[in-house]
Structure formats: C-alpha cells, structure tokens
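Descriptive analysis of the structure
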Amino acid sequence: GPVSTLSRFRGALVGAVLGDCVGGEFEGAEDVPLDRVLQHLSGLEDDTRGDGILQYSDDTAMMRCVAHSLLTRTGFDEQDMARRFAKEYNLAPGRGYGSGVIQVLRKLASPQLSDVFQPARAQFGGRGSFGNGGAMRAAPFALAFRNAADVQQYSRLGAMLTHSCSLGYNGAVLQALAVHLSLQGALALPEEFINRLISEMEEVEREETAQHDAKALNLAEFPYCTRLHRVKELVERGSVSIEEVISELGNGIAALQSVPTAIFCVLHCLEPREGLPERYGGLERTIAYSLALGGDTDTIACMAGAIAGAHYGIEAIPQSWQKSCEGVEEADQLAERLYKLYCLT
Ligand code: 8NA
Ligand code: MG
Ligand code: MG
C-alpha cells in the first residue's frame, strides 16, 4: 500500500542511523568487494550477536543534536544547536569526527563565545571546511520544516556552524532538499526528482560566494549542478561500473564528492541490480550499494539511507538490521516527535 508520511519520517532518520552504523565497517576502505558487503549485512540477521552491536559515529551523534535542538526550540536556534554539538563532542570525542571539525567543536564549548559561526569561519586558513560533516546531519531539517525555502535556509545555517565554505554548506542544502522531496513521494518520478534538485541548486549556486568558492577551488562553475547532471546521465545509462561511479562522482569526505554520490545510490537502486540479492527491497539495495563504493562509506550510506528511508518508509527496513544498530530506537522516537511538530505548523 501507499507509504504514510509518518512511516517516511521514521524511515528517514532510522535509515540514516542504519547507514552510519553498518557503513562504519568499511569507512576509508578503497575497494570493497560486494561479497564482503553482503557477508557483513547477512551477519546482522544473526540473533546471537546482540542488540546495538554496531555503534554509530559522528554522523548520528551530530544528527541527534540537530533533531533535539529543532524539537526543544521548536525551530532553528544557532546558540542551542552549537551548544549541543560541543557538549556531545565533549561527552564522546571518539566517534570518528573529521580532524578539522574537532577544533570548531572545542571552540564552541567556550562560554565566552558570542558569534557561534566564527569558529567555523576560521577553519582552513579562513576558507572554511568543504567536508561532508554538514550534509551528513542535514536530514532532520527536512522533517522540521514544510517549505522548501525554510529547509534550505535552516539546513544552510545549521551546516555553517561547522562548515563555512559554500561547498560544505551547499552540500547540506542539497541533502536536505533530497530528503524533503523524497518525504513527499517525489522519487516515484525519478527524472523529475533529479530535475527539481538541479533547478533548486542552480539558484543556490548562482550566489556570489558559491561562484567565488568554486573558482578559488579550481572547480567548474555550478559544481553541484555539474555533478547532478552526471548523476542523471549515469542513472539513464542504467548499467554502470563501481569504478565509473567513483571516478565520475567520487566517494570522499568532501561534500561535493559524496552528496551527489549518495543521491545516485538511491536512484540507481530503485530497481533490482545485478549482484544484489533478489530478496532485497530498495532500501536494502541502496545501503548495500553505498557500502560497495568504499571511501566514506558511513557518511554516504547515512545520506543515502535518509533519502531512501523517506521514500520506502520504516516498514522497508529489516527488523534485524534495526536491532543491530545503536541509536535506532532514539532516532525513531525523534522522527515521531518531528512529525508531530510538522503537523502542527
Ligand atoms: P572536517 O571539517 O574536518 O573535514 C574533513 C576533512 O576534509 C578535513 O580534515 C580536511 O582533510 C578536508 N578539508 C575540508 N575542508 C578543507 C579545506 N578548505 N581545505 C583543505 N582540506 C579541507 O570534518 P567533517 O565534519 O566535514 O567530516 C567529514 C568526514 O570525516 C565524515 O565522513 C566523518 O565521518 C569523518 N571521517 C571520515 C573518515 C574517512 O576515512 N572517510 C575517517 C574518519 C572520520
Ligand atoms: Mg562518521
Ligand atoms: Mg564518514
């Protein structure tokens, strides 16, 4: 039957946590044979392994902060969100944070800090981070705001607390918009879905800062749009090798090399694919395929998991997978609370 909106909300956050937890196994690996991915995933069906065996990383740790902040403040409050990031890092610094962002999180803990966006602006000689750390935690913005304009504005500001380079925060905008559209069932028409993302990002990347940063980093103009056009080409081609996906789209820790890749994973796995078990549904295919790309697997699977989870809904996520991952229950509760807030506004 049709997927309810509540089921989509729960699928989005649970899918993100799941991707982070199961993707952790292969983070940083260059080559991940599909056999190993499928072995890892079938291991989750073993009841003797215990609940919550796979721990979440920075992706989920920060996403929880975003969701809690949006709920507690019933909207975006940069002071509150920044404080939660700093506190979370202080409580559990070993969750695999990027090496640059740690400096921001330490500065955000200072009670004397008045401008919470300042530490992010000081990163990388004043150029700011272009890592995918803003995008990996962006899903809750799509669950908290109804309008695409609000989703864009607040996902951007939320990312700017750690990522002041436009390539960093625009990756978060793209990820939040993808979840936003998916929650509305837009993946039923995949070509329209990607066209809408391209036209939204054309507006976003027209901005002066985006133009300037692209030039300074020696990138093509409209870097996200360029990648999204490549996503579209690869999706249309259907049959494409892992190597081609990695060389055309990337699998790295830069937002530009991972957010369009995550979107590709979702679109590519809307249909059954060679090498993936026939019994797998779309969400399982998406997670498995994301891991097989290697590189920043936890983050790419986390972002793809959020978009796919919003499309297929919570029922599409195997119970055994959910039980294996730390933080799934909390993510499910947060999704339900965000849904109630969404219905009120
Ligand atoms: P970040 O802001 O520290 O950025 C991540 C990395 O990107 C930095 O450490 C730099 O190497 C590089 N970088 C970012 N901006 C610039 C710049 N302007 N100039 C030069 N280099 C730059 O951290 P983040 O929050 O964006 O995290 C990104 C990823 O790192 C996440 O996937 C997270 O899980 C983590 N991580 C990844 C791996 C991995 O092997 N893929 C391992 C541990 C942690
Ligand atoms: Mg991580
Ligand atoms: Mg990562």
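One structure accompanies this document, and this report is about it. This one's a predicted model, so the numbers in the text were calculated from it and none came from an experiment.

As for its placement among the helices and strands, Ser155 is situated in helix α8 (residues 148–160). For Ser155, a relative accessible area of 1% corresponds to the buried category. Of note is the side chain of Ser155, whose polar atom sits 2.7 Å from the backbone oxygen of Val151.

Let us now look at the packing of helix α1 (residues 5–23) against helix α16 (residues 297–312). Running from amino to carboxyl end, α1 crosses α16 at an angle of 160°, the nearest separation of the two axes being 6 Å. Classified by the interaxial angle, the pair formed by α1 and α16 is roughly antiparallel. For α1 against α16, the interelement crossing comes out right-handed. Here α1 contributes Ser7, Arg8, Gly11, Ala12, Gly15, Ala16, Gly19, Asp20 and Gly23 to the contact with α16, which in turn contributes Thr297, Asp298, Ala301, Cys302, Gly305, Ala306, Gly309, Ala310 and His311. When grouped by side-chain class, the residues that make up the contact of α1 with α16 number six nonpolar, nine polar and three charged.

The textbook angles at a metal center are 109.5 degrees for a tetrahedron of four donors and 90 or 180 degrees for an octahedron of six. Distances from the magnesium ion (ligand 2) to its protein donors, namely Ser57 (OG), Asp58 (OD), Asp59 (OD) and Asp298 (OD), fall within the range 2.0 to 2.3 Å. Read in sequence order, the donor residues coordinating the magnesium ion (ligand 2) give the pattern S-D-D-x238-D. Here the magnesium ion (ligand 3) and the magnesium ion (ligand 2) are spaced 3.4 Å from one another, each receiving a donor from Asp298. Taken together, the residues Ser57 in the loop between α2 (34–42) and α3 (58–72) and Asp298 in helix α16 connect sequence positions 241 residues apart. A residue is classified by how much of its surface remains accessible, and Ser57, at 10% relative accessible area, is buried.

Attention now goes to the coordination of the magnesium ion (ligand 3). Taken together, Glu27 (OE), Asp296 (OD), Asp298 (OD) and Thr299 (OG1) make up the full set of protein donors to the magnesium ion (ligand 3), lying 2.1 to 2.7 Å away. Note that the magnesium ion (ligand 3) binds six donor atoms; their angles at the metal cover 71 to 167°, and the shape is irregular.

The set of residues buried in helix α5 (residues 101–108) consists of Val101, Ile102, Val104, Leu105 and Leu108. Each buried residue of α5 sits inside an arc of 160° when the element is viewed along its axis, so together they form one side. On the buried face of α5, the contacting elements are α3, α4 (78–91) and α6 (118–121).

As a further point, take the pattern of salt bridges. For side chains bearing opposite charge, pairing can occur when the charged atoms are close. One pass over the full model with this rule turns up twelve salt bridges. Residue Arg84 is joined to Asp80 by a salt bridge in which the shortest nitrogen-to-oxygen separation is 2.8 Å. One end of the pair is Arg84 and the other is Asp80, both in helix α4 and four residues apart, which spans about a single turn. By relative accessible area, which is 9% here, Asp80 ends up buried.

Let us look at the side chain of Asp20. For Asp20, the location among the structural elements is in helix α1. For the buried Asp20, no salt bridge is present, and the opposite-charge side chain at shortest range is Arg95, 7.3 Å distant. At a separation of 2.7 Å, a polar atom in the side chain of Asp20 contacts the side chain of Ser57. If we ignore the near neighbours within four places in the chain, the residues touching Asp20 are Tyr56, Ser57, Asp59, Thr60, Asp298 and Cys302.

Below, the discussion takes up the packing of aromatic side chains. Going through the model one piece at a time under the given rule, you end up with eight aromatic pairs. Their ring planes at 70° and their centres at 4.9 Å tell us that Phe9 and Tyr342 sit as a pair that is edge-to-face. Remark: Tyr342 occurs in helix α18 (residues 328–344) and Phe9 occurs in helix α1; sequence separation between them is 333 residues. Here Phe9 matches Tyr342 in class, with each residue buried.

The topology assignment puts Leu256 in the loop between α13 (242–249) and α14 (259–268). Residue classification places Leu256 among the buried residues on the basis of a relative accessible area of 7%. A C-alpha to C-alpha distance of 28 Å links Leu256 and Leu334, two positions 78 residues apart in sequence. Not counting chain neighbours up to four residues away, the residues in contact with Leu256 comprise Leu167, Leu219, Pro223, Tyr224, Arg227 and Leu249.

Thresholds, definitions, all that
- Residues numbered from 1 in each chain as written.
- Chains lettered and ligands numbered in written order.
- Predicted model: local features only at pLDDT ≥ 70, side-chain atom pairs only at ≥ 80, totals over all residues.
- Heavy atoms only, no water.
- Helix = DSSP H or I, 4+ residues; strand = E, 2+ residues; numbered from the N terminus.
- Buried < 20%, exposed > 50% of the residue type's maximum accessible area, 1.4 Å probe, protein only.
- Polar contact = N/O pair within 3.5 Å; in protein donor to acceptor, adjacent residues only side chain to side chain.
- Axes fitted to C-alpha atoms, helices over the stretch in contact; angles between N-to-C directions.
- Parallel < 35°, antiparallel > 145°, perpendicular 65-115°, else oblique.
- Left-handed = near helix turned anticlockwise from the far one by under 90°.
- Contact = heavy atoms within 4.5 Å.
- Nonpolar A, V, L, I, M, F, W, Y, C, P; charged D, E, K, R; others polar.
- Donors = N, O, S within 2.8 Å, 3.2 Å for Na, K, Ca; no water.
- Tetrahedral: all angles 85-135°; square planar, octahedral: opposite > 155°, others 65-115°.
- Arc of directions from axis to C-beta.
- Salt bridge = Lys/Arg side-chain N within 4 Å of Asp/Glu carboxyl O.
- Lys, Arg positive; Asp, Glu negative; His and termini not counted.
- Phe/Tyr/Trp six-rings, centres within 6.5 Å; stacked < 30°, edge-to-face > 60°.

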